[in-house]
Amino acid sequence: MTQPTIVLVHGAWADASSWNAVATDLQGRGFTVLAPTNLLRGVAPDAAYVASFLAQRTSGPVVLVGHSYGGAVITNAGTGGGDVKALVYVDAFIPDEGETVFSILGGSGSALDVPDPTTVLDVAGYPGAPEGDAEAFLKPVTVHDSFAQDLPEADRWLIHAGQRPITLGANASPTTTAAWKTLPSWAVVGTEDRVIPPATQRSMAERAGATITDVAASHVSMVSHPSVVVDVILAAVAAVSD
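What counts, and where the lines are drawn
Residues numbered from 1 in each chain as written. Predicted model: local features only at pLDDT ≥ 70, side-chain atom pairs only at ≥ 80, totals over all residues. Heavy atoms only, no water. 1 Å grid on protein atoms, 1.4 Å probe; cavity = no way out; pocket = protein on both sides within 12 Å on 5 of 7 lines; lining within 4 Å. Points joined across faces, edges and corners; volume = space filled by probe spheres on them. Helix = DSSP H or I, 4+ residues; strand = E, 2+ residues; numbered from the N terminus. Pairing = 2+ DSSP bridges. Axes fitted to C-alpha atoms, helices over the stretch in contact; angles between N-to-C directions. Parallel < 35°, antiparallel > 145°, perpendicular 65-115°, else oblique. Left-handed = near helix turned anticlockwise from the far one by under 90°. Contact = heavy atoms within 4.5 Å. Nonpolar A, V, L, I, M, F, W, Y, C, P; charged D, E, K, R; others polar. Core = buried A, V, L, I, M, F, W, Y, C linked by side-chain atoms within 4.5 Å. Buried < 20%, exposed > 50% of the residue type's maximum accessible area, 1.4 Å probe, protein only. Phe/Tyr/Trp six-rings, centres within 6.5 Å; stacked < 30°, edge-to-face > 60°. Lys NZ or Arg CZ within 6 Å of the ring centre and 35° of its normal. Expected span 1.5 Å × (residues − 1). Arc of directions from axis to C-beta.

K.L.:
Describe in detail the layout of surface pockets, supporting the description with residues and values.
P.N.:
Any space left empty among the atoms is revealed by the rolling of a water-sized probe across them. Size it by volume and the largest pocket reaches roughly 350 Å³. Lining the largest pocket are 17 residues, with Ser17, Ser18, Asp155, Ile159 and Val223 sitting closest to its centre. Going through the elements one at a time, α1 (20-28), α6 (153-162) and α9 (221-224) are the ones with two or more residues in the lining of the largest pocket. At four residues, α6 tops the list of elements feeding residues into the lining of the largest pocket.

K.L.:
Describe in detail the sheet that holds strand β5 (residues 121-124), supporting the description with residues and values.
P.N.:
Read from one edge of the open sheet, three strands run β5-β6-β7, paired in antiparallel fashion. The open sheet has two free edges, formed respectively by β5 and β7 (166-167), since each of these has just one partner strand.

K.L.:
Report on the packing of helix α5 (residues 140-147) against α6, specifying residues and quantitative values.
P.N.:
Relative placement of two packed helices is described by the angle separating their axes and the distance separating the axes. Direction vectors running N to C along α5 and α6 enclose 130°, while the axes themselves pass 9 Å from each other. Looking at the two axes, α5 sits oblique to α6. Along this stretch, α5 crosses α6, giving a crossing that reads as right-handed. In this structure, α5 uses Pro140, Val143, His144 and Phe147 to contact α6, whose residues at the interface are Glu153, Arg156, Trp157, Ile159 and His160. Among the residues forming the contact of α5 with α6, the class breakdown is five nonpolar, two polar and two charged.

K.L.:
For the nonpolar core, give the residues involved together with the corresponding values.
P.N.:
Judged by nonpolar contacts, the single largest core of 77 residues is most densely connected at Ile6, Tyr69 and Ile233. By residue number, the principal contributor to this core is helix α10 (residues 226-241), which donates seven residues. Sequence-distant contacts of Tyr69, defined by excluding residues within four places in its chain, comprise Gly11, Ala12, Asn38, Leu40, Gly42, Val43, Asp46, Phe93, Val101, Ile166 and Ala170.

K.L.:
Which residues make up empty space enclosed by the protein, and what are the values?
P.N.:
All chains considered together, the criterion is met by one cavity of 30 Å³ or more. Contributing to the lining of the largest cavity are Val43, Ala72, Phe93, Pro95, Glu99, Thr100, Val101, Ile104, Ser173 and Thr175.

K.L.:
Tell me about the packing of aromatic side chains, residues and numbers included.
P.N.:
Counted under the stated rule, the structure contains one aromatic pair. Ring centres of Trp13 and Phe147 lie 6.1 Å apart, and the angle between their planes is 85°; this geometry places the pair in the edge-to-face category. Separated by 134 residues along the polypeptide, Trp13 in the loop between β1 (5-9) and α1 and Phe147 in helix α5 bring together distant segments of the chain. The pair Trp13 / Phe147 is uniform in exposure class, with both members buried. Looking at Arg41, its charged tip hangs above the ring of Tyr126, at a distance of 4.4 Å from the centre.

K.L.:
For helix α2 (residues 43-57), give the residues involved together with the corresponding values.
P.N.:
Every α-helix carries 3.6 residues per turn, so stepping three or four residues along brings you back to the same face. Compared with the 21 Å implied by 1.5 Å per residue over 15 residues, the 20 Å span of α2 between its first and last C-alpha is a close match. Those residues of α2 that fall on the buried side of the exposure criterion are Val43, Asp46, Ala47, Val50, Ala51, Phe53 and Leu54. Down the axis, α2 shows its buried residues gathered within 155° of arc, on one side only. Relative to its buried face, α2 has exposed residues pointing more than 90 degrees away, namely Ala44 and Gln56. Its buried side turned inward, α2 meets β1, β2 (33-34), β3 (61-67), α3 (69-77), β4 (83-90) and α7 (168-172).

As structure tokens, this is what we get:
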């Protein structure tokens, strides 16, 4: 089997640079690595963009990796374009049809599941927004205490400075296709994750029949513990290359 291309899809409040340590390691092992932009506008348009990217920018087998909200995107995009052989979820949402980010986090104990979201998020309008929609940014305290608490302080401030906001509408848009039902899956569960609590991650991963690896990490384990994430991706590669 041709060596698969590794496609890394970032989540909310991030960009492709969140994968830098993982991508550098995989490139050093001879893999072709691509990290497309996740538009963070809605599950349907974001998944359509990634599926189109896969169709046009890859040839041969693909291992598709998603972090956080990127997990919802790869779930919907995994069977929509390219020759995806495996899904890898990193501190990620693994939704079923009809589920949304908001519905998954509701009652989970997430630091974002609070009565007044403006205590943890800054909300701002954006040009061309549908009626009632807005962008959500992480407040500094949320980055430091709940999103990336295991990173050095300087790195946490960089995350806050460069975060790409996600729309409220994206968090409320339902999954329509669950690619994990037909593709083998792996999951990295951050046991110190305060955004998607580990019990919630594990429940979704078990439902998907994913091979689960725990890591004592925050919501950004691919930044704080990239070697663990690389090992899981390599396990997926090995399984689909047999």
